[in-house]
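Secondary and tertiary structure notes
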Amino acid sequence: RLDLQQTYEGAYLFLWGLFKKVVIADGLATLVERTFDPQASWSHGGSVLVATYAFAIQIYCDFSGYTDMARGLSKVLGFELPLNFNLPYLATSPVDFWRRWHITLSTWLRDYLYIPLGGNRRGPRRTCVNLMLTMILGGLWHGAAWTFVAWGTYHGVLLVAYRLMRPFIEQGRWRVPNALRPAAPWLARIVCFHLICVGW
């Protein structure tokens, strides 16, 4: 049976996803493609930086837009699909980013690659190896090209580096100055966002 409230919410979600995909993502694609075109003669530091930020927004609106469209249509039909993007650019760490970005894929990588490889049950060294393998294979899953392998490797390095640094942060060996404590979460978000942009 069709539910009017559910239909309204699903239609709104579908239209919001369509707007993100067609207006924002496709609108930014022109700038991004023109800047990163190997034949482009006008690309310089400033334009590349703007295009990198534009690509970060483009890829987010593209992926989250079409998943919102799928979730909206499903909601109209009476199915509740899980949230797939949860404000990933507000993440405070690489681990937090992968809990927010493409959640269904991240969960699949965790459940069917990371945990079967041993997860974090075989000591710190093996945990780092498992993280690297999972992210490299996750990169390869996106496409059969070395650029995807490099992207997966980069994210593996970020996750391993964060895992190795976390005990120092949690045990208080690395202290944030008192004056910066209120701003620390936002500084972490800014640093994390720029690390993700380097990967893009």
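These notes cover the structure that comes with them.

The rules behind the values
Residues numbered from 1 in each chain as written. Predicted model: local features only at pLDDT ≥ 70, side-chain atom pairs only at ≥ 80, totals over all residues. Heavy atoms only, no water. Axes fitted to C-alpha atoms, helices over the stretch in contact; angles between N-to-C directions. Helix = DSSP H or I, 4+ residues; strand = E, 2+ residues; numbered from the N terminus. Parallel < 35°, antiparallel > 145°, perpendicular 65-115°, else oblique. Contact = heavy atoms within 4.5 Å. Nonpolar A, V, L, I, M, F, W, Y, C, P; charged D, E, K, R; others polar. Phe/Tyr/Trp six-rings, centres within 6.5 Å; stacked < 30°, edge-to-face > 60°. Buried < 20%, exposed > 50% of the residue type's maximum accessible area, 1.4 Å probe, protein only. Lys NZ or Arg CZ within 6 Å of the ring centre and 35° of its normal. Core = buried A, V, L, I, M, F, W, Y, C linked by side-chain atoms within 4.5 Å.

This part is about the packing of helix α2 (residues 45-76) against helix α7 (residues 184-199). Contact geometry of α2 with α7 gives a least axis separation of 10 Å together with a crossing angle of 95 degrees. Of the possible angle classes, the one that applies to α2 and α7 is roughly perpendicular. Residues Thr 52, Tyr 53 and Ala 56 of α2 pack against Phe 193, His 194 and Cys 197 of α7. Its residues assigned to classes, the contact of α2 with α7 comprises 4 nonpolar, 2 polar and no charged.

What follows is about the packing of aromatic side chains. The geometry of two aromatic rings is summed up by the distance between their centres and the angle between their planes. Counted by the stated rule, this structure contains 17 aromatic pairs. Judged by centre distance (5.8 Å) and plane angle (10 degrees), the rings of Trp 151 and Trp 200 are stacked. Placement of Trp 151 in helix α6 (residues 146-170) and of Trp 200 in the segment after α7 is noted, with a sequence separation of 49 residues between them. Exposure remark for Trp 200: the relative accessible area of 22% places this residue in the partly exposed category. The lysine or arginine in question, Arg 189, covers the ring of Trp 186, its NZ or CZ lying 4.5 Å from the ring centre.

Counting 24 residues, the largest nonpolar core has Tyr 60, Tyr 89, Phe 97, Trp 98 and Trp 101 as its most contacted members. Sorting the residues of this core by element identifies α2, α3 (94-100), α5 (124-142), α6 and α7 as the ones contributing at least two each. For this core, the element with the highest residue contribution is α2, accounting for 5 residues. Among all residues touching Trp 101, those that are not within four sequence positions of it are Ile 59, Tyr 60, Phe 63, Asn 84, Phe 85, Pro 88, Tyr 89, Ser 106 and Trp 200.

Here we come to the environment of Cys 192. Along the chain, the position of Cys 192 falls in helix α7. Once residues within four sequence positions are removed from consideration, Cys 192 is found in contact with Ala 91, Thr 92, Ser 93, Pro 94 and Phe 97.

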